[in-house]
Amino acid sequence: MEVTLVSDPLCCWSWALEPHWRRVRMQYGARVRWRHRLGGMLPSWDAFADPLNDVAAAAHMGPYWMHVRREAGVPLAAGLWHADPPASSHPASLAVHAAFLQGEAAGERLLRRVREAAMLEALNVARWAVLRELARDVGLDADELERAVQDGTAAARFEDDLREVRYLRVGRFPSVLLGGVGVRRMLVTGFRPASLLAAAVAHALGEEAPALEGVEPMAYLTHWGSATRWELATACALDPLDVVRRLDVAMADGTLEVHERPAAGDVVFRVRAGAA
């Protein structure tokens, strides 16, 4: 059985889905093959319009992110769209596909780091200098990454994604596609909480909808390597202050690094290399 997340590095609702997507993955683990497809949300501002949310230019995206931050409680550095707005989400998508050529885990690490850079740090992830630095941050070979983009290998993978997205007529990000051998395909569109995603996976597997198992913040961090305070509170069903209290020991003994992200009003907890 496969579960495919169709998203975009610059989609704020794809970012909002992170704790829910990760939480369901922890529950089902290796029973399911988890895949990513990138949908090319923002080819350029000349080729983009979102009339539903009144977004047709970079200057409109900042107020929209502020609205999402206020309504959904998601940490977002909306100043990105005023200070140095990305011209497209395609460079980041190409970089992520180049990272997937270095391994599944490498692609997932870079995709997560790109999301953090845009959503929390207001970094322009359409710039190659930024993408190279982000690749180094997650232990990837930036030169190899750029070669895969320049020789067209990453572009071919990205075009496969775009072709699949067009075939499925996916018009909203994120969307989750469930299917497999002998399993009827099902598409769940838009942001959905972990409980609904878990129920959809159970349905595809022919099982009863499960109650999500409880998870502790440190267990979540050990599994994924990093998370924001908001993400931990969401995934672990805790108050943000409880999250911090439960991580006190790990912060004190140096197991965790804590990185302030004032532009988004949150912090990132990262498991120190060799400590997991």
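Residues numbered from 1 in each chain as written. Predicted model: local features only at pLDDT ≥ 70, side-chain atom pairs only at ≥ 80, totals over all residues. Heavy atoms only, no water.

Let's talk about the overall build of the protein chain
Regarding its fold elements, the protein chain presents 13 helices and seven strands. Here the protein chain holds 276 residues, and 52% of them are scored as buried. Long-range pairs, those at least 24 residues apart, make up 65% of the contacts in the protein chain between residues at least 6 apart in sequence. Just so you have it, the protein chain exposes about 12,500 Å², and 52% of that area is on carbon and sulfur atoms. (Helix = DSSP H or I, 4+ residues; strand = E, 2+ residues; numbered from the N terminus. Buried < 20%, exposed > 50% of the residue type's maximum accessible area, 1.4 Å probe, protein only. Contact = heavy atoms within 4.5 Å. Areas by Shrake-Rupley, 256 points an atom, 1.4 Å probe, with all protein chains shown as cover.)

Topic: the packing of aromatic side chains
According to the stated counting rule, one finds six aromatic pairs in the structure shown. Plain terms: the ring middles of Trp13 and Phe191 are 5.5 Å apart, the flat faces sit at 45° to each other, and that makes the pair tilted. Separated by 178 residues along the polypeptide, Trp13 in helix 1 (residues 12-28) and Phe191 in the loop between strand 4 (183-189) and helix 9 (194-205) bring together distant segments of the chain. Take Trp13: its relative accessible area is 25%, and that puts it in the partly exposed class. Aromatic side chains Trp65 and Trp81 sit 5.5 Å apart centroid to centroid with 85° between the ring planes, which places their arrangement in the edge-to-face category. (Phe/Tyr/Trp six-rings, centres within 6.5 Å; stacked < 30°, edge-to-face > 60°.)

Considerations on the sheet that holds strand 5 (residues 226-228)
Strand order across the open sheet formed by three strands is 5-7-6, with antiparallel pairing between neighbours. The outermost strands of the open sheet, each flanked by one partner alone, are strand 5 and strand 6 (256-261). Adjacent strand axes in the sheet meet at a mean angle of 20°, parallel and antiparallel pairs treated alike. Summarising the sheet, strand 5 and strand 7 (residues 266-271) pair through three bridges and their orientation is antiparallel. What sits directly across from Ser226, in strand 7, is Arg270. Packed onto the sheet, helix 5 (residues 104-121) meets strand 5, strand 6 and strand 7 and runs at close to 25° relative to strand 5. Against the sheet, helix 11 (residues 229-236) touches strand 5 and strand 7, its axis set at about 90° to strand 5. (Pairing = 2+ DSSP bridges. Axes fitted to C-alpha atoms, helices over the stretch in contact; angles between N-to-C directions.)

In short, geometric facts, not functional conclusions.
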